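Examination of the molecular architecture
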Amino acid sequence: MKKLILTALVLLTTFCLNAQALTLETVCGKLAEHPHTTGLFNQTKSVTSKGKTRNLKSSGTFIFSVDGVMWNTLKPFPSTLIVTKTQMIQGAADGTETAMDMSSNETFSSIANTLLAIFSCDLTLLNESFTVDFTDNKNGTYAMLLSPKKTSIASVMKSILIEGKCTSEATMESITITELSENTINYVFSEQKYPKELSADDKNFFRIR
C-alpha cells in the first residue's frame, strides 16, 4: 500500500510539473541556474544556390559559460571559436590564434553579446536586442523565436530559433539561425553536463589574449 501511495504521489507531482504553463521567465530562470554547460554539438549549414541545397556538416564540443562561449570543432576540420565579452578568438588546427577586440567592431560586438545573452538567458539583453516570441508546446518543451531589433544584428541574420525542454530543469536542445539569404545554420546539442567549476584547461580558453 505504501508503495502504491508513493507511486501515485510521484505521478501526481510529475503531472503538476508538466501541467504548469511554461513562460519565458521560467525557462530563462532555470537555464540561468547553470553557470557552465558542456557537451557535444552537431552543426548543419544549409546553403541554397540556383535551386539546389547543400548541407555542410560539422561536429565537436562546446562550453557555454559565464566567462564566454567556446565551439571546438573536431570534424571535418579542427578549429575553435571563442567568444567573450571583450574578444572573439579563432583558432586553427596548427595552434595559431587570431583575436579580435570587440570594441572595434559594432557588428561582432552585438553578435557576441547576443550569444552570451542567449546562453546565459539574460532577459534584459535579449529584450534589448530582439523581439522574443515564446511558445509553450504544452508537452514540457518550448520554443523561442528571436527577431532582431538592432540594425547591426539584423544586417547579418533574420531570426534565431531556440528549442528545448523544461520540466524539473531546463535545457537547450537546438538553435537555428536563419540568415538574410534564407540559408540556415542548425546546432543540435547532446550529452549536456553542468559543472559547478570549469577545469583548468577549459578556463584557459577564456583567458585574455
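Above: the structure in question.
Report follows, based on the coordinates. From a predicted model like this one, the values you see are computed outputs, not experimental measurements.

**Details of the pattern of salt bridges**
Evaluation of the coordinates by the stated rule reveals four salt bridges. A salt bridge links Glu-179 to Lys-45, with the shortest nitrogen-to-oxygen separation between them at 3.7 Å. Taken together, the residues span a long stretch of sequence, with Glu-179 in the loop between β10 (170-178) and β11 (184-193) and Lys-45 in strand β1 (residues 36-49) at a distance of 134 residues. The exposure class of Glu-179 is buried, given its relative accessible area of 18%. Classification of Lys-45 by relative accessible area gives partly exposed; the value is 26%. Measuring nitrogen to oxygen at the nearest pair gives 3.7 Å for the salt bridge that ties Glu-197 to Lys-203. Residue classification places Glu-197 among the exposed residues on the basis of a relative accessible area of 57%.

**Observations regarding the side chain of Ser-174**
With respect to the helices, strands and loops of the structure, Ser-174 is situated in strand β10. Dropping the residues within four chain positions of it, Ser-174 is found in contact with Leu-161, Ile-162, Glu-163, Asn-186, Tyr-187, Val-188 and Phe-189.

About the thresholds
Residues numbered from 1 in each chain as written. Predicted model: local features only at pLDDT ≥ 70, side-chain atom pairs only at ≥ 80, totals over all residues. Heavy atoms only, no water. Salt bridge = Lys/Arg side-chain N within 4 Å of Asp/Glu carboxyl O. Helix = DSSP H or I, 4+ residues; strand = E, 2+ residues; numbered from the N terminus. Buried < 20%, exposed > 50% of the residue type's maximum accessible area, 1.4 Å probe, protein only. Contact = heavy atoms within 4.5 Å.

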